[in-house]
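Listed here are the chains, written in short residue letters.
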Amino acid sequence: MSVASVPHGVMFHHFWDQRHPAGQGAINADDLARMLRHLGPDRILSAEAWLERAVEERLEPHHLCLTFDDALLCQYEVAAPVLADFGLTAFWFIYSSVFEGHLRKMEVYRYLRTVAYPTVDDFYDNFERALARSRYADMAAKATVDFDPGRYLAEFPFYTDADRRFRFLRDRVLGHDPFEEIMDSLVERAGLQAEELRHLLWMEDSHLRALDAHGHILGLHSYTHFTTLGEMSYDQQKREYLANRRHLMALTGHAPLAMAHPCNSYNQDTVAILEELGVKIGFRSNMERRPSSRFELPRQDHALIMAELEDR
Ligand SMILES: [Zn+2]
């Protein structure tokens, strides 16, 4: 893998410190600083310079930018100060529903996994037990008879076989509502109050305003963060991006020019909508080569770069 020969973003999600627990894939401030030095701070463009060069098609093969998805408070509290030390700015891809009274349960469930179970495998065991107790037990047993973890999500080499099996059950076997039914039963067993977690998990409008004021670029990431937005109708997708855009414009006073596809899910309708909304660039969430399009800029998951650091 090593140094990719195309300009790309580095995609970050979770960070840990004393306040934010270290879940799967999370790194701390020292890890981030080490990673930035490893990548080479000179290769990393400010968000503004990246946007300008991408629009003018002047990105060079060694250029990188930094991107933070999902408006997580841990990013603001742990990563933003490190970026300030390095004099760097980044793209922050924001889904707006969590700023307007909604919860994204996926994030609550991740927190549950982190604080309620000693290991991820312990969580998977509990999940399988809850599934076996549920009305979906027979259906799930049938659907996983021929499951081959080696062939599912093969583009993410850092997933374990258990990670792959869990994701297969969640995304391909159960689907949204049955999955939430099982997970909510685990949240309840663990005694967690989802509503109380809101202020620990996500940023608030004031954080977004501060990022914008410090030269970071806030970008679209849809309103709800559905996992399969690209399979939804043109109208549904447009509603998602319009509501997302309204929220960001109300905060910053300017129209968002960048975006990242939530869960890498998009289609031709998505691209048409983004063009209508005046968005200039969009990011994928992997390094797969695509016909070059300014709405399909590649990104490397930070976990792959961490793995490279730990190999040395
Ligand atoms: Zn996301």
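Being a predicted model, the structure only gives us computed values, none of them experimental.

Peer 1: Mind showing me how you'd approach the packing of aromatic side chains here?
Peer 2: Given two aromatic rings, their pairing is described by the distance between the two centres and the angle made by the two planes. Enumeration over the complete set of coordinates arrives at 23 aromatic pairs. Centre to centre, the rings of Phe 15 and Phe 68 are 6.0 Å apart; their planes meet at 35°, and the pair counts as tilted. Of the two residues, Phe 15 sits in the loop between strand E1 (8-12) and helix H1 (29-39) while Phe 68 sits in strand E2 (residues 64-69), which places them 53 residues apart along the sequence. Among the residues examined, Phe 68 registers a relative accessible area of 0% and is labelled buried. Between Phe 147 and Tyr 152, the aromatic rings sit 5.9 Å apart at their centres with planes inclined by 70°, giving edge-to-face as the arrangement. The rings of Tyr 109, Tyr 117, Phe 123, Tyr 124, Phe 127, Phe 166 and Phe 179 are connected pair by pair, giving a single aromatic cluster.

Peer 1: How do you make sense of the coordination of the zinc ion when you look at a structure like this?
Peer 2: Protein-derived coordination of the zinc ion comes from Asp 70 (OD), His 221 (NE2) and His 225 (NE2), at a distance range of 2.1 to 2.2 Å. Each donor residue of the zinc ion belongs to the same chain, with the gaps between them written as D-x150-H-x3-H. Taken together, the residues span a long stretch of sequence, with Asp 70 in the loop between E2 and helix H3 (73-86) and His 221 in the loop between strand E4 (217-220) and helix H11 (234-252) at a distance of 151 residues. The same class applies to Asp 70 as to His 221, namely buried.

Peer 1: Mind showing me how you'd approach the nonpolar core here?
Peer 2: Inside soluble globular proteins, nonpolar side chains tend to come together where they are buried. Ranked by size, the top nonpolar core spans 77 residues in total, and within it Leu 66, Trp 92 and Phe 127 carry the most contacts. Take this core: its biggest share by element is 7 residues, from H3. Shared between two domains, this core holds at least three residues of each, these being domain 1 (8-102 + 201-311) and domain 2 (105-197).

Peer 1: Sorry if this is basic, but what is going on with the UniProt feature "domain: NodB homology" (unreviewed entry) in the protein chain here?
Peer 2: UniProt's feature table lists "domain: NodB homology" (unreviewed entry) at residues 206-280, given in the numbering used throughout. Each end of residues 206-280 is marked by a C-alpha atom, and these two atoms are 25 Å apart; helix forms 48% of the span and strand 9%.

Peer 1: How should I be thinking about the side chain of Arg 110 in this particular structure?
Peer 2: Mapped onto the secondary structure, Arg 110 falls in helix H4 (residues 105-116). Glu 107 provides the closest opposite charge to the buried, salt-bridge-free Arg 110, at an N-O distance of 4.8 Å. The contact partners of Arg 110, leaving out residues within four places of it in the chain, are His 14, Gly 23, Gln 24, Gly 25 and Ala 26.

Peer 1: Would you explain the side chain of His 221 in this entry?
Peer 2: With a relative accessible area of 2%, His 221 lands in the buried category. Those residues in contact with His 221, other than ones at most four positions away along the chain, are Asp 69, Asp 70, Phe 93, Ile 94, Tyr 95, Tyr 241, Asn 244, Ala 260, His 261 and Pro 262.

What counts and what doesn't
Residues numbered from 1 in each chain as written. Predicted model: local features only at pLDDT ≥ 70, side-chain atom pairs only at ≥ 80, totals over all residues. Heavy atoms only, no water. Phe/Tyr/Trp six-rings, centres within 6.5 Å; stacked < 30°, edge-to-face > 60°. Helix = DSSP H or I, 4+ residues; strand = E, 2+ residues; numbered from the N terminus. Buried < 20%, exposed > 50% of the residue type's maximum accessible area, 1.4 Å probe, protein only. Donors = N, O, S within 2.8 Å, 3.2 Å for Na, K, Ca; no water. Core = buried A, V, L, I, M, F, W, Y, C linked by side-chain atoms within 4.5 Å. Domains from an automatic or database assignment. UniProt positions renumbered as here; feature names shortened; annotations may be inferred. Lys, Arg positive; Asp, Glu negative; His and termini not counted. Salt bridge = Lys/Arg side-chain N within 4 Å of Asp/Glu carboxyl O. Contact = heavy atoms within 4.5 Å.

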